[in-house]
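# Notes for the structure review
Next come the chains, spelled out residue by residue.
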Amino acid sequence: MTTFRRIALSTALLITSSIHLAGFAQPANSPQGVRPMMGGAQMEAHREARHQKHLNDLKSALQLDSTQESAWNAFSGEMKTPMKRPARPQPAEMEKMTTPERIDKMMAFKSERDAEMNKRMTATKTFYASLNPAQQKVFDAHTHKFMKQGPMGHHDKMHP
């Protein structure tokens, strides 16, 4: 590589990285709306508030009658319960295991996650059965927009 190309490439990388880093150095109240990073407790509180808002919006959109309140309470109670996340084994613990033992450990984690998901799916199906056809259509439309989102709430169009 010629000296000119090396200098040009270094300059381009320097400019690109400084522009990228400048975006992170903006204050929280900047016009671009960049927010500071949230800690674990703040993130959890924010997630819970957002989740509660979604449940409230869904309930008001469904216009439930008094006979459906108990079904709603069971459904929303299951949805409010945070999913249990099994503690991951320490790397030192995994190093001591044989490959079949590691596979068994991963399968146990998967079984726990699947059981949690099955509880939520069963609660959803039970609640859905208590709705009339018009409410089911509203439920389908409301929940479909969330199912289109990918990990961390990102929309499909953000992923290839």
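See the structure printed just above.
What you see is a predicted model, and the numbers here were worked out from it, not measured in a lab. (Residues numbered from 1 in each chain as written. Predicted model: local features only at pLDDT ≥ 70, side-chain atom pairs only at ≥ 80, totals over all residues. Heavy atoms only, no water.)

### Thoughts on the pattern of salt bridges
Summed over the entire model, instances satisfying the criterion amount to five salt bridges. Here Lys-53 and Asp-57 are joined by a salt bridge, their closest N and O atoms 2.8 Å apart. Of the two residues, Lys-53 and Asp-57 both sit in helix α2 (residues 40–62), four residues apart, roughly one turn of that helix. (Salt bridge = Lys/Arg side-chain N within 4 Å of Asp/Glu carboxyl O. Helix = DSSP H or I, 4+ residues; strand = E, 2+ residues; numbered from the N terminus.)

### Section: the nonpolar core
Nonpolar side chains in soluble globular proteins tend to be buried together. Counting eleven residues, the largest nonpolar core consists of Leu-55, Leu-58, Leu-62, Leu-64, Trp-72, Phe-75, Met-79, Ala-123, Phe-127, Leu-131 and Phe-139. Only α2, α3 (69–80) and α5 (99–129) provide two or more residues apiece to this core. (Core = buried A, V, L, I, M, F, W, Y, C linked by side-chain atoms within 4.5 Å. Buried < 20%, exposed > 50% of the residue type's maximum accessible area, 1.4 Å probe, protein only.)

### So, α3
Relative to the 16 Å expected for twelve residues at 1.5 Å per residue, α3 spans 16 Å between its end C-alpha atoms, a close match to the ideal helical length. Every buried residue belonging to α3 is among Trp-72, Phe-75, Ser-76, Glu-78 and Met-79, and all of these are buried. One side of α3 holds all its buried residues, which, seen down the axis, span an arc of 160°. Facing away from the buried surface of α3 by more than 90 degrees, the exposed residues are Ser-70 and Ala-74. (Expected span 1.5 Å × (residues − 1). Arc of directions from axis to C-beta.)

### Description of the packing of α3 against α5
A pair of packed helices can be characterised by two numbers: the angle between their axes and the separation between those axes. The geometry of α3 relative to α5 is characterised by a closest axis approach of 9 Å and an angle of 160° between their N-to-C directions. Accordingly, the angle class assigned to the pair α3 and α5 is roughly antiparallel. Here the hand of the crossing between α3 and α5 comes out left-handed. Residues Ala-71, Trp-72, Phe-75, Glu-78 and Met-79 of α3 lie in contact with α5, whose contacting residues are Lys-119, Arg-120, Ala-123, Thr-124 and Phe-127. For the contact of α3 with α5, a count of residues per class yields six nonpolar, one polar and three charged. (Axes fitted to C-alpha atoms, helices over the stretch in contact; angles between N-to-C directions. Parallel < 35°, antiparallel > 145°, perpendicular 65-115°, else oblique. Left-handed = near helix turned anticlockwise from the far one by under 90°. Contact = heavy atoms within 4.5 Å. Nonpolar A, V, L, I, M, F, W, Y, C, P; charged D, E, K, R; others polar.)

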